[in-house]
Amino acid sequence: MALTEEVLTVDAILFDLDGTLIDSTPGVFSAWKIFAEEYGLGLHLPIVQKTHGRRLADTLKDETICNIQDTELLNSEIMRFEDLVIEGNPVALGGAVELLAQLDSHEDMRTRWTIVTSASRYYASQCIPKCKIPVPISEFVTADDVTEGKPKPTPYLEGAKKLGIDATKCLVIEDAPSGIQSGNNAGAKTLAVCTSHKREDFENCSEIKRPTYIVDDLSRVHVDWVQESGIGKIQLTIDTRRGSHQPV
């Protein structure tokens, strides 16, 4: 019988935001529908699937998508797009609030996690409290803080640096293949939640996009603070069993 429960010990956890901790799908779909119509992009759903996990600035600048090269217009359109997403009323995903509460319940664990998002600081600053997600003590990393977005390693290297911990001693939790690739490129262990992608998307992808672990959602993850040779670490118990729900 295949092992369905894994135990992992790390120094810190780096969380993605949209699709991992919060569900912003209605707002994202609405925003891309409007932008697709205005920019003559055709159907919006393929764009949503193609761009999920990327920095919005990189997507809007992409010559095959909106091709916005003017900096002032780009910044204006980023804010307009993110306002449309926020108007879609994002909510916390299953297990997210509970897992972060477990991390914040211990004085030492509270300092060992942060959020690394491809969204702007403007967006993250509004969505995190709106979804009743706690703000990390170390603050968070946004698209505004890095010169390269996911799948490059830069965002998660910056997240680990913010916590003062080597990225190779961290766990990255993501919902998008590009985010998993970013975490892998940074040298971290990676865990995929099947909220926006099917399990098979992660199982059958190229090795660089393949996560170390796969779970249905964050309700399948539990954390404890443990001592290893007198050094405090986060111990995760990960239930990797396949559930009945799969994203469409």
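Along each chain, residue indices are assigned from 1 in the same order as the chain's sequence is written. Since the coordinates come from a predicted model, pLDDT governs what is reported: local features require at least 70, and pairs of side-chain atoms require 80 or more to be given and counted, while whole-chain, interface and lining totals use all residues. Just so you know, side-chain values use all the structure's heavy atoms and leave hydrogens and water out.

Caption draft 1: A look at the overall build of the protein. A run of DSSP states H or I qualifies as a helix once it reaches four residues; a run of E qualifies as a strand once it reaches two. Both are numbered from the N-terminal end. Secondary structure assignment for the protein yields 9 helices and 10 strands. For a compact globule of 248 residues, the expected C-alpha radius of gyration is about 18 Å, and the protein comes in at 18 Å, within 12% of that figure. Taken along the three principal axes of its C-alpha coordinates, the protein extends 60 × 40 × 30 Å. Type-normalised accessible area, obtained with a 1.4 Å probe on protein chains alone, sets the label of each residue: buried when under 20%, exposed when over 50%, and partly exposed for intermediate values. Counting all 248 residues of the protein, 50% fall into the buried class. By definition in these notes, contact holds between two residues if any of their heavy atoms fall within 4.5 Å. Excluding contacts between residues fewer than 6 apart, the proportion of contacts in the protein whose partners are at least 24 apart in sequence is 64%. As displayed, the protein has an accessible area near 11,600 Å², and 50% of this comes from carbon and sulfur atoms. One way to put it: in the protein the 25 positive side-chain charges average out to a point 3 Å from where the 38 negative ones average out. For this measure, only C-alpha atoms enter the radius of gyration; the expected value for a globule follows 2.2 Å times N^0.38, where N is the number of residues. Here the Shrake-Rupley method, with its probe set to 1.4 Å, supplies the accessible areas, and only the displayed protein chains count as covering residues. Just so you know, the count uses Lys and Arg for positive and Asp and Glu for negative, and it drops His and the chain ends. Taken as the charge centre is NZ of Lys, CZ of Arg, CG of Asp or CD of Glu, depending on the residue.

Caption draft 2: Spatial organisation of helix α8 (residues 177–185). With 7 of 9 residues buried, α8 is to be regarded as a mostly interior element. Looking at α8, one finds that the buried residues are Pro-177, Ser-178, Gly-179, Ile-180, Gln-181, Ser-182 and Gly-183. On its buried face, α8 is in contact with α7 (154–163), β6 (170–174), β7 (189–193) and α9 (199–203). A positive phi of about 90° marks Gly-187, the residue just after α8.

Caption draft 3: Expanded view of the side chain of Glu-174. In this fold, Glu-174 is placed in strand β6. Polar side-chain contacts of Glu-174 include one of 2.7 Å to the side chain of Lys-150. Setting aside its immediate chain neighbours within four residues, Glu-174 contacts Asp-16, Thr-20, Lys-150, Tyr-156, Gly-179, Ile-180, Leu-191, Ala-192 and Val-193. Any N or O atom pair separated by 3.5 Å or less is treated as a polar contact, with the protein-specific requirement of one donor-capable and one acceptor-capable atom, and with residues adjacent in sequence counted only for side-chain atom pairs.

Caption draft 4: Just the packing of aromatic side chains, in detail. Stacked, tilted and edge-to-face are the three classes assigned to paired rings of Phe, Tyr and Trp, where Trp is represented by its six-membered ring and a pair needs centres within 6.5 Å; plane angles under 30 degrees give stacked, over 60 edge-to-face, the rest tilted. For the structure shown, the criterion picks out 5 aromatic pairs. Summarising the aromatic geometry, the rings of Phe-15 and Trp-113 are spaced 6.0 Å apart at their centres and angled 85° between planes, so their arrangement reads as edge-to-face. With Phe-15 in strand β2 (residues 12–15) and Trp-113 in strand β5 (residues 113–115), the pair connects residues that are 98 residues apart, well separated along the chain. The burial state of Phe-15 is the same as that of Trp-113; both residues are buried. Between the aromatic rings of Phe-35 and Tyr-39, the centroid separation amounts to 5.8 Å while the plane-to-plane angle is 20°, which identifies the pairing as stacked. Chaining the aromatic ring pairs together yields one cluster made of Trp-32, Phe-35, Tyr-39 and Phe-81.

Caption draft 5: The state of the cysteines, seen in detail. The disulfide criterion used throughout: a pair of cysteine sulfur atoms within 2.5 Å. Per the stated rule, a full pass over the model turns up 0 disulfides. Take Cys-194: it sits in no disulfide, and the sulfur closest to it among the cysteines is that of Cys-205, at 11 Å.

Caption draft 6: Here's a closer look at the pairing of strand β10 (residues 231–239). Pairs of strands are assigned from DSSP output, requiring at least two bridges between the strands. Both strand β1 (residues 5–10) and β10 contribute to a ladder of 6 bridges, which runs antiparallel. If you follow Glu-5 over to β10, its bridge partner there is Asp-239. Of the strand pairs in this sheet, strand β9 (residues 221–228) and β10 are connected by 8 bridges, and their pairing is antiparallel. For Val-226, the partnering residue across the bridge sits in β10 and is Lys-233.

Caption draft 7: Seen up close, the layout of surface pockets. The way it works is a 1 Å grid over only the protein atoms, where trapped points that fit a 1.4 Å probe form a cavity and open points with protein on both sides within 12 Å along at least five of seven lines form a pocket, and then any residue with an atom within 4 Å of a point lines it. Grid points are joined across faces, edges and corners, and a volume is the space filled by probe spheres set on the points. Quantified by volume, the largest pocket comes out at close to 1,000 Å³. Elements represented by at least two residues in the lining of the largest pocket include exactly β3 (22–23), α1 (25–38), α2 (45–51), α3 (56–61) and α4 (71–87). Along the lines of polarity and charge, the residues of the lining of the largest pocket split into 15 nonpolar, 14 polar and 12 charged. Quantified by volume, the second largest pocket comes out at close to 250 Å³. Along its surface, the second largest pocket is lined by 15 residues, and Ala-57, Asn-75, Ile-78, Ser-120 and Asp-144 are the ones closest to its centre. When contributions to the lining of the second largest pocket are tallied by element, the ones reaching two or more residues are α3 and α4. Considering every element that reaches the lining of the second largest pocket, the biggest residue donor is α4, with 6 residues. Each residue is assigned to one of three groups, with Ala, Val, Leu, Ile, Met, Phe, Trp, Tyr, Cys and Pro labelled nonpolar, Asp, Glu, Lys and Arg labelled charged, and all others, Gly among them, labelled polar.

Caption draft 8: Region of the structure containing the pattern of salt bridges. Salt bridges are counted wherever a side-chain nitrogen of Lys or Arg sits within 4 Å of a carboxyl oxygen of Asp or Glu. Inspection of the entire model under this criterion finds 16 salt bridges. Across the pair Glu-38 and Arg-80 runs a salt bridge, and its minimum N-O distance is 2.6 Å. Of this pair, Glu-38 sits in helix α1 while Arg-80 is found in helix α4, placing the two residues 42 residues apart along the sequence. As a salt-bridge pair, Arg-54 and Asp-62 come within 3.4 Å of each other at their nearest N and O atoms. Residues participating in the shared-partner salt-bridge network are Arg-199, Asp-216, Arg-220, Asp-239 and Arg-241.

Caption draft 9: How the structure looks around the side chain of Thr-20. Mapped onto the elements, Thr-20 comes out in the loop between β2 and β3. Of the polar contacts made by the side chain of Thr-20, one reaches the side chain of Asp-16; its length is 3.0 Å.

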